[in-house]
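Letter by letter, the chains look like this.
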Amino acid sequence: MTVRLHWFLPTGGDGRTLVDRHAYAPNDIGAARKLSGVRAPDIEYLAQIAKAAEQLGFEAVLTPTGTWCEDAWLTTVALAQHTERLKFLVAFRPGLISPTLAAQMAATYQRVTRGRLLLNVVTGGDSAEQRRFGDRLDHDRRYARTDEFLSVVRGVWRGEPYDFHGSHYQVDGGLTALPPDPLPQLFFGGSSAAAGPVAARHADVYLTWGEPPAQVKEKIDWIRSLAEREGREVRFGIRVHTISRDSSAEAWATARRLLDDLDPDTIAAAQTALGRSESVGQRRMLALHGGSRDELEIHPNLWAGVGLVRGGAGTALVGSHAEVADLIEEYHQLGVEHFVLSGYPHLEEAYWFGEGVIPELAARGLVEGARSGAPVLVGGGR
């Protein structure tokens, strides 16, 4: 099992700060351009990130979903025209559209992009966000609906009429005339008791946020045991940020700069908002730091500072390129195969990781086909 590396597309905006642009900046592209250090998520900038990720050797880019960012399906199919090999890990919320339509969209996407679609299932842990989409189910019923939704999607992909009669969906003769080839892999995250069985039945890759290795091992053991009861095997991935530099001191200086950019009121407002989430995974992220700036290195080279103001993935791999590679190797030894990474700003951090950590991983035999870079050309004075 080798390491599979993925990057992130900041379709809600990017910049040199940890503060989420969608939460703390005006919801206006023109206004965002005027804010210091903030980059609007226009297609030209996102294309730069996508092209960099492809050139540096990342397999795919994760694109988020929500009312605070651009639509993942439309954005990535446009970016597919700017890239050649890069895959797109498209996050989507089951239950907001018909599962038969979702299956058809995925099939069309695969043909348009020549097989470059991966799917990230986001059931949703924030009722306020779900209500913006008109969804009023509670947390556990959302997972029950996701279970049925994915059953229908996989059934429809068989290429013959499929019937399903459940509590949330009644489908007669569901059909995608031309099934996707290959079938998109399903990435799935969720830390609650309601999420585990759904992941075991449907996920190809179970994703966890970047908790310390001991906690990640507990999750892997939990999902693996549930999948075994279903007669399935599930692979594992981790979603985490990265700050990698030529030296450990440089990396931690960058982390401190990001932290110094945050005032107490900003942190307090973010923690109040995040504390209302129903997501068990979000509560686990908050518990790593308790809302305090103190003792944010929760495991050697694992920093919880991001989670002071950012929802979802709240930790970062911080250190020299070798130290970051060491921590990746530690997770890999637990069974983590997929690493979905990001950093602020996403364009520059992709290069820091791609030119610094990927060669380290390649030297250890952990990645295949890593690019060694172009040869150095020495001017001849002519």
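In the block above lies the structure referred to throughout.
The structure contained in this document is the topic of the report that follows.

Criteria and thresholds
- Residues numbered from 1 in each chain as written.
- Predicted model: local features only at pLDDT ≥ 70, side-chain atom pairs only at ≥ 80, totals over all residues.
- Heavy atoms only, no water.
- Helix = DSSP H or I, 4+ residues; strand = E, 2+ residues; numbered from the N terminus.
- Rg over C-alpha atoms; globule rule 2.2 N^0.38 Å.
- Buried < 20%, exposed > 50% of the residue type's maximum accessible area, 1.4 Å probe, protein only.
- Contact = heavy atoms within 4.5 Å.
- Lys, Arg positive; Asp, Glu negative; His and termini not counted.
- Charge placed at Lys NZ, Arg CZ, Asp CG, Glu CD.
- Phe/Tyr/Trp six-rings, centres within 6.5 Å; stacked < 30°, edge-to-face > 60°.
- Lys NZ or Arg CZ within 6 Å of the ring centre and 35° of its normal.
- Pairing = 2+ DSSP bridges.
- Axes fitted to C-alpha atoms, helices over the stretch in contact; angles between N-to-C directions.
- Parallel < 35°, antiparallel > 145°, perpendicular 65-115°, else oblique.
- Left-handed = near helix turned anticlockwise from the far one by under 90°.
- Nonpolar A, V, L, I, M, F, W, Y, C, P; charged D, E, K, R; others polar.
- Salt bridge = Lys/Arg side-chain N within 4 Å of Asp/Glu carboxyl O.
- Core = buried A, V, L, I, M, F, W, Y, C linked by side-chain atoms within 4.5 Å.

With that settled, the discussion passes to the overall build of the protein. Counting its regular elements, the protein contains 14 helices and 15 strands. Relative to the compact-globule value of 21 Å for 382 residues, the protein shows a C-alpha radius of gyration of 21 Å, a close match. Split into buried and exposed, the 382 residues of the protein put 56% on the buried side. Expressed as a percentage of contacts within the protein between residues at least 6 apart in sequence, the contacts between residues at least 24 apart total 74%. Each charge sign in the protein was given a centre, from 40 positive and 48 negative side chains, and these centres are 3 Å apart.

We now examine the packing of aromatic side chains. This model, assessed by the stated rule, comprises 8 aromatic pairs. Summarising the aromatic geometry, the rings of W73 and Y109 are spaced 6.0 Å apart at their centres and angled 75 degrees between planes, so their arrangement reads as edge-to-face. Taken together, the residues span a long stretch of sequence, with W73 in helix α4 (residues 72–79) and Y109 in helix α5 (residues 99–113) at a distance of 36 residues. Owing to a relative accessible area of 13%, W73 belongs among the buried residues under this scheme. When the ring centre of F8 is taken as origin, the NZ or CZ atom of R310, which lies over that ring, is 5.9 Å away.

Time to look at the pairing of strand β15 (residues 336–342). Most of β15 sits inside the fold, with 7 of its 7 residues counted as buried. Note: strand β1 (residues 4–8) against β15, 3 bridges, orientation parallel. Directly across from L5, in β15, lies its bridge partner F339. Both strand β11 (residues 235–245) and β15 contribute to a ladder of 6 bridges, which runs parallel. Its bridge partner lying in β15, F236 is registered against V336.

Remark: helix α8 (residues 195–202) packs on helix α9 (residues 213–229), axes separated minimally by 8 Å, with the N-to-C direction vectors making an angle of 60 degrees. Relative to α9, the element α8 lies oblique. When the axes of α8 and α9 are compared, the crossing they make is right-handed. When α8 is examined against α9, the residues G196, P197, A199 and A200 are found in contact with a partner set consisting of W222, I223, L226 and A227. The residue inventory of the contact of α8 with α9, partitioned by class, reads 7 nonpolar, 1 polar and no charged.

Attention now goes to the pattern of salt bridges. Evaluated as defined, the whole model comprises 21 salt bridges. Among the ionic pairs, D138 bridges to R141, the shortest N-O distance being 3.7 Å. A salt bridge links R364 to E360, with the shortest nitrogen-to-oxygen separation between them at 3.5 Å. Looking at E360, the relative accessible area reads 28%, which means it is partly exposed.

Here we come to the nonpolar core. One finds L5 and F353 to be the most contacted residues of the largest nonpolar core, which totals 75 residues. Looking at which element gives the most residues to this core, the answer is helix α3 (residues 43–56), with 8 residues. Non-local contacts of L5, meaning those with residues more than four positions away in its chain, are made with F58, E59, A60, F339, L341, F353, I358, L361 and V367. Residues A251, L259, L288 and A304 belong to the second largest nonpolar core, which totals 21 residues.

Any functional reading would require information that these geometric values do not contain.
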